[in-house]
Amino acid sequence: MFVLVEMVDTVRIPPWQFERRLNEAIAEELNKKLANKVVYNVGLCICLFDITKLEDAYVFPGDGASHTKVHFRYVVFHPFLDEILIGKIKGCSPEGVHVSLGFFDDILIPPESLQQPAKFDETEQVWVWEYETEEGAHDLYMDTGEEIRFRVVDESFVDTSPTGPSSAEATSSSEELPKKEAPYTLVGSISEPGLGLLSWWTSN
Amino acid sequence: MEVKDANSALLSNYEVYQLLTDLKEQRKESGKNKHSAGQQNLNTITFETLKYISKTPCRNQSPEIVREFLTAMKNHKLTKAEKLQLLNHRPMTAVEIQLMVEESEERLTEEQIEALLHTVTTILPAGPEDEQNKNTSQDVAMDEEDPA
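If you're wondering where the values come from, they're calculated on a predicted model, not measured in any experiment.

### A short note on the sheet that holds strand S9 (residues 126-132) of chain A
Residues and elements named next belong to chain A.
Next up, step 1: With respect to topology, 3 strands assemble into an open sheet ordered S8-S9-S10, the strand pairing being antiparallel. In this open sheet, the two edge strands, each paired with only one partner strand, are strand S8 (118-121) and strand S10 (137-141). Mean inter-strand twist for the sheet, computed between neighbouring axes without regard to direction, equals 35 degrees.

As structure tokens, then:
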């Protein structure tokens with residue numbers, strides 16, 4: 001689920017923090033910059049693991065702050081392909097089942113990857129697995145808040161860095177806010193034996 | 001900012017749990033500035049991640065247990081990713097093993113799967129939820145004995 005990523009960056013320490021130990025000031029700046037943020041094509045950054053190398057700190061003309069090039073390792077959430085994860089169902093919509101891990105929310109299980117046959121119950125807004133046995137069909141509901149085991153089948157990174165000003169026509173005609181896209185989304189699947197709600201597979 | 005290696009090492013949930021708990025202790029001791037606007041993101045992510053990992057079996061692990069587990073796994077010829085998943089999830093049924101080990105029907109016989117399950121459940125400690133279930137079932141047993 002978690003990986004270590006080696007990165008290099010130049011950290012700026014303002015003069016009023018010069019009394020602090022350099023390592024602490026740098027660790028705080030790095031965490032301030034990266035914690036809980038998604039780095040494109042890398043994953044969701046959690047926290048600093050360690051600092052591997054500190055190069056010389058320079059003060060440039062016109063700016064009283066020191067600039068230090070730092071080599072460090074960061075703990076990043078980046079599940080590998082086909083990894084099994086356990087999360088909680090956040091809700092269901094016609095697009096599929098939305099799952100959350102608490103610290104990471106953008107996980108979707110599309111309808112084709114649910115245990116088949118599945119149907120969407122419009123009145124309760126919930127996906128249902130129509131499980132057939134010899135006795136008849138059982139309807140297994142995927143309720144919000146239930147723990148669910150799923151396999152990661154795909155991930156997608158979207159670059160959400162700001163683009164230049166859009167053309168005047170487009171901005172003046174529509175007053176609605178631009179759609180917010182999640183920078184990092186995972187696509188899951190529960191179409192195998194053992195996957196799905198934990199309560200479906202416990203043998204008590 | 002430059003990413004030198006996006007996949008330099010895999011971390012087990014236990015390692016991340018240790019790291020975050022130590023970080024929390026450190027920040028509690030230094031006290032003064034954890035509520036500044038810049039630290040809010042770090043607080044949120046460490047709180048949520050710690051909350052998630054605390055509900056998994058990784059909470060009760062220790063470095064010795066992990067070492068013992070990996071030595072025991074040497075004979076089973078599993079890939080690194082498979083051993084990591086077994087360590088993080090502590091599967092208790094054959095179905096779960098089949099999910100985590102690729103092509104398990106071809107690579108492992110039924111006895112090997114049983115042996116694997118046995119190793120996993122004996123070496124790795126149970127999670128906080130399983131302990132809760134165990135306690136409630138023990139209470140039930142005691143109630144049944146009382147009338148006698």
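### Digging into the UniProt feature "domain: RNA polymerase Rpb7-like N-terminal" (unreviewed entry) in chain A
Next up, step 1: The sites that carry the UniProt feature "domain: RNA polymerase Rpb7-like N-terminal" (unreviewed entry) are, in the present numbering, residues 9-64 of chain A.
Next up, step 2: A distance of 19 Å separates the end C-alpha atoms of residues 9-64 of chain A, which is 23% helix and 43% strand.

### Here's the deal with the side chain of Ser100 of chain A
Residue and element names in this part refer to chain A.
Next up, step 1: With respect to the helices, strands and loops of the structure, Ser100 is situated in strand S6 (residues 96-100).
Next up, step 2: Among the polar contacts listed, one links the side chain of Ser100 to the backbone nitrogen of Gly102, at a separation of 3.0 Å.
Next up, step 3: Here Ser100 is in contact with Gly87, Lys88, Lys90 and Asp105, once residues within four sequence places are set aside.

### What about the confidence of the model for chain B?
Do not read the predicted coordinates in detail wherever pLDDT is low.
All names here are of chain B.
Next up, step 1: On average, residues of chain B carry a pLDDT of 83, and 83% of them reach 70 or more.
Next up, step 2: Note that residues 140-148 has pLDDT below 50 and, in this model, 0 contacts with residues that lie over four places away or in other chains.
Next up, step 3: Here the predicted complex carries an ipTM of 0.85, next to a pTM of 0.86.

### Observations concerning the packing of helix H3 (residues 63-73) of chain B against helix H4 (residues 80-89) of chain B
Residues and elements named next belong to chain B.
Next up, step 1: Interaxial distance between H3 and H4 falls to 11 Å at its minimum, and their mutual angle equals 135 degrees. The orientation of H3 with respect to H4, classified from their angle, is oblique. H3 and H4 meet at a crossing whose hand is right-handed. Contacts from Val66, Phe69, Leu70 and Met73 in H3 reach Lys83, Leu86 and Leu87 in H4.
Next up, step 2: Residues of the contact of H3 with H4, tallied by class, amount to 6 nonpolar, no polar and 1 charged.

The rules behind these values
Residues numbered from 1 in each chain as written. Chains lettered and ligands numbered in written order. Predicted model: local features only at pLDDT ≥ 70, side-chain atom pairs only at ≥ 80, totals over all residues. Heavy atoms only, no water. Pairing = 2+ DSSP bridges. Helix = DSSP H or I, 4+ residues; strand = E, 2+ residues; numbered from the N terminus. Axes fitted to C-alpha atoms, helices over the stretch in contact; angles between N-to-C directions. UniProt positions renumbered as here; feature names shortened; annotations may be inferred. Polar contact = N/O pair within 3.5 Å; in protein donor to acceptor, adjacent residues only side chain to side chain. Contact = heavy atoms within 4.5 Å. pLDDT = per-residue confidence, 0-100. Parallel < 35°, antiparallel > 145°, perpendicular 65-115°, else oblique. Left-handed = near helix turned anticlockwise from the far one by under 90°. Nonpolar A, V, L, I, M, F, W, Y, C, P; charged D, E, K, R; others polar.

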